[in-house]
2 protein chains.
Amino acid sequence: MKIDKILLDHGSGGKMSHSLIADIMLPAFDNTILSQLNDGAILDMNGTRLAFSTDTYTVDPIFFPGGNIGDLAVNGTVNDVAMCGGDPLYLSVGLVMEEGFSVDELKKIVDQMRIAADKAGVMIVTGDTKVVPHGAIDKIFINTSGIGVIPENVNVSAGLAQPGDKIILSGTIADHGMTILTQREGLTFDSPVKSDSAPLNHMVKGMFEAGSKIHVLRDPTRGGVGTALNEIAEASNVGIRIHETAIPVRPEVAAICELLGFDPLYVANEGKLLAFVGPDQAEQVLDAVKEDEFGKDACVIGEVVADTPGKVFMHTRVGGTRMVDTLTGEQLPRIC
Amino acid sequence: MKIDKILLDHGSGGKMSHSLIADIMLPAFDNTILSQLNDGAILDMNGTRLAFSTDTYTVDPIFFPGGNIGDLAVNGTVNDVAMCGGDPLYLSVGLVMEEGFSVDELKKIVDQMRIAADKAGVMIVTGDTKVVPHGAIDKIFINTSGIGVIPENVNVSAGLAQPGDKIILSGTIADHGMTILTQREGLTFDSPVKSDSAPLNHMVKGMFEAGSKIHVLRDPTRGGVGTALNEIAEASNVGIRIHETAIPVRPEVAAICELLGFDPLYVANEGKLLAFVGPDQAEQVLDAVKEDEFGKDACVIGEVVADTPGKVFMHTRVGGTRMVDTLTGEQLPRIC
């Protein structure tokens, strides 16, 4: 079927996003850096390797429990640079607002960006502000791009997972996505949920101090852990086995997922990472993750295998095994 | 008067834009790099000086005579990096589209981005695509961020203009802004106008080969030549004199400006630059500009003086002198 209109599913992070990129973007912008499909580009600038990443934040609502569009925009790009193995240093900020947007809300957002930048240890060094007529945008969208230096001994990429690697997940999943969904739909629960928006660069630094055999880093944002694992299995041409009982989900988040019919494996996170680590260093790297303030619930959730390349299988709670596929489109409405 | 809502004038590039940045952005993101207010940031990365710039393109209509939102987004950031003295190398692209946007139009835009990137000699190395519900954005907005290396002998900044400097303008003004305005308003004229959207990095390279005493480079986009000159006069604490008869304006553009009551000095350009050059090298640098395909109409339009610091004066066509102030807000509706 020929699709002649862009659909929300094209922005889901799932199969339709993938086909949009594969069919339109990659053929046009064909180059070996872009085609690696990492969270950012890895560039050689006069002998220094730089990580360079960009993301536009369109979250609705713009303020939510655990964060707001401002700290999300800073943390998200800090994390994308960190997932390339880069130590994030500098951010750009591109704001687009509609006429009539509240100056007080803008101030709050900008303040939160500063606080997030300070916490991550990055500088916001250049920016751009556009105002469009009322209705030409929904309140405010923020683009951040980031640059970081990749230390010499660091070499991570979605294509470097190796059979035997242990898969570390830095904490509970689905917190951000379910927070945004329940806020947007006006649902209230006895145990409120909140976004996990957080910078992960200090955690990554500690991990590399603990071990050098970190092969892949990925923050499972849009599309969640399920989509991220599929992308890595495909890029590295390996199989992945995960264990459902090992994956931490807060009880209140699990309950809301159950109630609304969502699989937490595909729900967005904004302060979690997946790391693929050589088996002999997995324990020491896991300990380093747990020492970080955002990694207390970290655990090993699975391993890389040589068979079934490109596929992800999960040993389920009830003793079976099921394939974890990439979703075609959105499980949720727009959430990040 | 306390302003509690964002106005279109806040995005004009004029005084209200300036106050938004000065009152909200700079206090929050206070650092010495951002506060230089150049077209981008100049960063030291392990001894290599990088130029880093960002811009979001929200132009309406997205296709127009002389260009479209795609090549505008590439050329604009290429030019911002070049105006920092950087040789642009890498771009990121952040697309935001509304649900229902035409896939064919997306393909056209992406193709034009590739053609523009090839022409400028830059690589698009990382990207992000978001789809938002129909109506949450007007069709498509594009953010581009760019990185370039600044050669060792190059040192340009808005604050480096010196008394005696000659001011070179690389060609006719107001082409882009009047094209967008007439297209948006559905106005047709016997002599059609078209945007000057063009990459200026090759021109800048040639200029530095011709002379080292280039102190300031600026592309007069939003706010036009009038606003750019005021920003430079203020940042360098110098006076500026320009000569109205020296400033090239296409007759058809001048006629439309006259008809609609716009001063071309404040209308946006997307393929022009201003260069402040030591007087003994002005001629050779001007020759280099004229050798570039986008600099054939270049000329010296004025000079820097020590008196009246921070002010711009123009010797008018009729023999008088008038102050060229910064506008408070929009002369036009949104045009770039």
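Computed from a predicted model, the values in this text were never measured in an experiment.

Parameters at a glance
Residues numbered from 1 in each chain as written. Chains lettered and ligands numbered in written order. Predicted model: local features only at pLDDT ≥ 70, side-chain atom pairs only at ≥ 80, totals over all residues. Heavy atoms only, no water. Salt bridge = Lys/Arg side-chain N within 4 Å of Asp/Glu carboxyl O. Helix = DSSP H or I, 4+ residues; strand = E, 2+ residues; numbered from the N terminus. Buried < 20%, exposed > 50% of the residue type's maximum accessible area, 1.4 Å probe, protein only. Domains from an automatic or database assignment. Contact = heavy atoms within 4.5 Å. Buried area = accessible area lost by both parts, 1.4 Å probe. Polar contact = N/O pair within 3.5 Å; in protein donor to acceptor, adjacent residues only side chain to side chain. Pairing = 2+ DSSP bridges. Axes fitted to C-alpha atoms, helices over the stretch in contact; angles between N-to-C directions.

**Q** Looking at this model, I keep getting lost on the pattern of salt bridges. Mind explaining?
**A** When charged atoms on two side chains of opposite charge get close, those side chains can pair. Counted under the stated rule, the structure contains 30 salt bridges over all chains. We note a salt bridge from A:Lys130 to B:Asp55, for which the minimum N-O separation is 2.7 Å. With A:Lys130 in strand E6 (residues 123-132) and B:Asp55 in strand E2 (residues 48-57), this residue pair bridges two chains. The same class applies to A:Lys130 as to B:Asp55, namely buried. Among the ionic pairs, B:Glu293 bridges to B:Lys119, the shortest N-O distance being 3.3 Å. Here B:Lys119 lies in helix H3 (residues 103-120) and B:Glu293 lies in the loop between helix H8 (282-291) and strand E12 (299-305), a separation of 174 residues in the sequence. Overall, B:Glu293 belongs to the partly exposed group, its relative accessible area being 49%. Each of A:Asp55, A:Arg222, B:Asp128 and B:Lys130 takes part in a single network of salt bridges with overlapping partners.

**Q** Please clarify how the domain arrangement of chain A should be interpreted in this entry.
**A** Often, the extent of an interface is quoted as the loss of accessible area upon association of its parts. Residue and element names in this part refer to chain A. When the domains of chain A are assigned, the result is domain 1 (44-149) and domain 2 (166-323). Counting from both sides, the interface comprises 19 residues of domain 1 and, opposite them, 23 residues of domain 2. Taking both sides of the interface into account, the surface hidden between domain 1 and domain 2 amounts to around 1,800 Å²; carbon and sulfur atoms contribute 57%. Interface area lost by domain 1 to domain 2 is led by Pro65, Met83 and Lys119, which between them contribute 32%. The tally of links between domain 1 and domain 2 comes to nine residue pairs in polar contact (both at pLDDT 80 or more). Contributions of two or more residues to the side of domain 1 that touches domain 2 are made by helix H2 (69-83), strand E5 (87-98) and helix H3 (103-120).

**Q** Help me understand the sheet that holds E6(A) in this model?
**A** Consider a sheet: its strands pair through backbone hydrogen bonds, and that pairing is either parallel or antiparallel. Residues and elements named next belong to chain A. Read from one edge to the other, the open sheet built from five strands follows the order E1-E2-E7-E5-E6, with strand pairing classed as mixed. Edge positions in the sheet fall to strand E1 (41-45) and E6, since each has one partner strand and no second. Neighbouring strand axes in the sheet, compared pairwise and without regard to direction, differ in orientation by 20° on average. Of the pairings in the sheet, the one linking E1 to strand E2 (residues 48-57) comprises five bridges and is antiparallel in character. For aspartate 44, the partnering residue across the bridge sits in E2 and is arginine 49.

**Q** Could you clarify how one ought to interpret the sheet that holds strand E14 (residues 321-323) of chain B in this entry?
**A** All names here are of chain B. Overall, mixed pairing links the seven strands, which are arranged E9-E11-E8-E12-E10-E13-E14 in an open sheet. Because the sheet does not close on itself, it has two edges, and the strands there are strand E9 (214-218) and E14. Strand after strand, the sheet turns through a mean of 25° between neighbouring axes, direction not considered. Where strand E10 (residues 239-243) and E12 come together, four bridges link them in antiparallel fashion. When the bridges of E12 are listed, isoleucine 242 appears paired with glycine 302. Along the sheet face, H8 touches strand E8 (166-169), E9, strand E11 (274-277) and E12 and points at about 5° away from the line of E8.

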